[in-house]
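Examination of the molecular architecture
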Amino acid sequence: MPPPVNRTMSASEWAMLLSLSVLWGGSFFFTRVALSALPPFTLVLLRVGLAALILNAVMPLLGLRIPRTGRAWAAFFGMGLLNNAVPFCLIVWGQTHIASGLAAILNATTPLFTVVAAHVFTSDERMTGNRLVGVVIGLVGVAVMVGPAVLAGLGTDLLAQVAVLGAALSYAFAGLFGRRFRRMGVPPLATATGQVTASAFMLLPLVLVADRPWTLPLPGASVWGAVVGIAVLSTALAYVLYFRILATAGATNLLLVTFLIPVSAILLGALVLGERLAPQHLIGMALIGCGLAAIDGRVWAFSQQRRRIPPEMYQGRDI
């Protein structure tokens, strides 16, 4: 029986979570370039398809194999449906009708859905007061950072907004569903490989019907470079980190990455593209940091522990 998931993430898990946010935050750059020449569904298929080819090639080099049992592949297809096919398609369709900033705020509800779902469906990721408060603070931080102007569109194009919220809910359930791979003894690299392979098989018919890619003009080198970047970095490598974090830190901690993705995207824009950081960005990042600290719980636990220690025990000492 594997040990229960961590309630408080270790330094290495926080480092992996930050790295994952950078990889997924960087996907906005790749997507912006690739969508100039490719329709959305075709880009999604290329993203998971190339990632599947890369990971399937890497597996034998590391002496690993994907499980071939029906139970394992049923789980891969379930994870691919919840974590790729459904949310990718809902977000792509939703963003054709609403601003990307509003979509980012709606997508940042993922940890909130995860906290509630984990409380209902798991025994080792129960809801706590500091966790719920931290999620709400983080969500407010994302809204502040993206900017209040995007909220002007809230309530219009309701179906598109429901679609993005549906994607966030799908991500939340994917995080819970993916916990089974740890119990099945499937290593993170094999899980990532099986998931993107299953996703590619599911998305192929949709692309053939909706986009008819054989009729498209051949993209240029910059577009192919963006496709390779989003497949190698933002998908193949990102999902290896995703499943490693999920196996040890749990779904609730893992999906805090949706708070960090806008932070990474804005910081990358400032560092790479020379975009200016506005005061609202700094305030939003500070709120997200406070939310993450509340969810982590270490500061609260330390203050409670210090409160329980009589003053004479630490008088004159640095604690």
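Analysis parameters
- Residue positions are given per chain, counted from 1 along the sequence in the order it is written.
- Reporting of local features is limited, given that this is a predicted model, to residues whose pLDDT is at least 70; pairs of side-chain atoms are given and counted only at 80 or more, and all residues count toward the totals for whole chains, interfaces and linings.
- The side-chain values count all of the structure's non-hydrogen atoms but skip hydrogen atoms and water molecules.
- Put simply, DSSP H or I for four residues or longer makes a helix, DSSP E for two residues or longer makes a strand, and each gets a number counted from the N terminus.
- Buried, partly exposed and exposed residues are distinguished by accessible area as a fraction of the type maximum, computed with a 1.4 Å probe on protein chains only: under 20%, between the cut-offs, and over 50%, respectively.
- It only takes one pair of heavy atoms within 4.5 Å for two residues to be counted as in contact.
- In these tables, accessible area is a Shrake-Rupley quantity obtained with a 1.4 Å probe, and a residue counts as shielded only by the protein chains included in the view.
- As used in this record, nonpolar core signifies buried Ala, Val, Leu, Ile, Met, Phe, Trp, Tyr and Cys residues forming a set joined through side-chain atoms within 4.5 Å.
- Helix axes use the C-alpha atoms of the stretch in contact, all axes being lines fitted to C-alpha atoms, and the angles between their N-to-C directions lie in the range 0 to 180 degrees.
- In these notes the angle categories are as follows: under 35 degrees is roughly parallel, over 145 is roughly antiparallel, 65 to 115 is roughly perpendicular, and the rest is oblique.
- By convention the crossing between two helices is left-handed if the near helix lies anticlockwise of the far one by an angle smaller than a right angle, and right-handed if it lies clockwise.
- Side-chain classes follow a simple rule in which Ala, Val, Leu, Ile, Met, Phe, Trp, Tyr, Cys and Pro form the nonpolar group, Asp, Glu, Lys and Arg form the charged group, and the remainder, Gly included, forms the polar group.
- A pair of Phe, Tyr and Trp rings is counted when the ring centres sit within 6.5 Å of each other, with Trp represented by its six-membered ring. The angle between the planes then sorts it: under 30 degrees is stacked, over 60 is edge-to-face, the rest tilted.
- Two limits define a charge over a ring: the Lys NZ or Arg CZ must be within 6 Å of the ring centre, and within 35 degrees of the ring normal.
- Two N or O atoms count as a polar contact when they lie within 3.5 Å, although within protein this holds only if one can serve as hydrogen donor and the other as acceptor, and sequence-adjacent residues are included solely when both atoms are side-chain atoms.

**Overview of the overall build of the protein**
- What the protein contains, in helices and strands, is 16 helices and 0 strands.
- Sorting the 319 residues of the protein into buried and exposed places 47% on the buried side.
- Contacts spanning at least 24 positions in sequence make up 88% of the contacts within the protein whose residues lie at least 6 apart.
- A total accessible area of about 15,200 Å² is found for the protein, and carbon and sulfur atoms account for 70% of it.

**A short note on the nonpolar core**
- Formed by 71 residues in total, the largest nonpolar core has its most connected members in Leu17, Leu20, Trp24, Tyr239, Tyr242, Phe243 and Phe259.
- If you tally residues by element for this core, the top one is helix α11 (residues 221-249), at 10 residues.
- Among all residues touching phenylalanine 243, those that are not within four sequence positions of it are Met79, Phe181, Pro188, Thr191, Ala192 and Gln195.
- In this structure, Ala34, Val223, Ala226 and Val227 belong to the second largest nonpolar core, which totals 6 residues.

**Focus on the environment of arginine 47**
- Positionally, arginine 47 belongs in helix α3 (residues 40-61).
- What makes arginine 47 buried here is its relative accessible area of 13%.
- Along the chain, arginine 47 and alanine 226 lie 179 residues apart, while their C-alpha atoms are 9.9 Å from each other.

**Some details on unusual backbone geometry**
- Even without being glycine, arginine 212 reaches a positive phi, approximately 45°.
- Summarising the element assignment, arginine 212 is placed in the loop between α10 (188-210) and α11.

**Re the packing of helix α4 (residues 70-94) against α11**
- With their axes 14 Å apart at the nearest point, α4 and α11 run at an angle of 130° to one another. It follows that α4 is oblique to α11 by the angle criterion. The element α4 and its partner α11 pack so that their crossing is right-handed. Residues Met79, Asn83, Asn84 and Phe88 of α4 pack against Tyr239, Tyr242 and Phe243 of α11.
- For the contact of α4 with α11, the class distribution of residues is 5 nonpolar, 2 polar and no charged.

**With respect to the environment of alanine 286**
- Note on placement: alanine 286 falls in helix α14 (residues 279-296).
- Of the residues examined, alanine 286 reaches a relative accessible area of 44% and is grouped as partly exposed.
- Along the sequence, alanine 286 and glycine 138 sit 148 residues apart, while their C-alpha atoms lie 9.2 Å from each other.

**Topic: the environment of leucine 64**
- Tracing the sequence through the fold places leucine 64 in the loop between α3 and α4.
- Judged by relative accessible area, leucine 64 falls into the partly exposed class, the value being 29%.
- On a C-alpha basis, the gap between leucine 64 and proline 187 in space is 8.9 Å, while along the polypeptide they are 123 residues apart.

**Some thoughts on the packing of aromatic side chains**
- Tallying each qualifying case throughout the model produces 10 aromatic pairs.
- Ring centres of phenylalanine 181 and phenylalanine 243 lie 6.2 Å apart, and the angle between their planes is 85°; this geometry places the pair in the edge-to-face category. Remark: phenylalanine 243 occurs in helix α11 and phenylalanine 181 occurs in helix α9 (residues 180-184); sequence separation between them is 62 residues. Like phenylalanine 181, the residue phenylalanine 243 is buried in the burial classification.
- Judged by centre distance (6.2 Å) and plane angle (35°), the ring pair of tyrosine 239 and phenylalanine 243 falls under tilted. Here tyrosine 239 and its partner phenylalanine 243 are both found in helix α11, 4 residues apart, which amounts to about one turn of the helix.
- Here the aromatic cluster, defined as three or more aromatic residues joined through ring pairs, consists of Trp24, Trp73, Phe76, Phe77, Phe181, Tyr239, Tyr242 and Phe243.
- For the cation-ring pair, arginine 180 lies above phenylalanine 177, with the distance from its terminal atom to the ring centre recorded as 3.8 Å.

**Some remarks on the side chain of threonine 191**
- Tracing the backbone shows threonine 191 in helix α10.
- If sequence neighbours within four positions are ignored, threonine 191 has contacts with Phe76, Phe181, Val186 and Phe243.

**What to know about the packing of α3 against α10**
- Between α3 and α10, whose axes approach to 8 Å, the crossing angle comes to 145°. The handedness of the crossing between α3 and α10 is left-handed.
- Within the contact of α3 with α10, the residues separate by chemical class into 19 nonpolar, 6 polar and no charged.

**Looking at the side chain of asparagine 253**
- As for its position among the elements, asparagine 253 is in helix α12 (residues 251-254).
- A polar atom in the side chain of asparagine 253 sits 2.9 Å from the backbone oxygen of alanine 249.

Function cannot be inferred from these measures alone, as they are strictly geometric.
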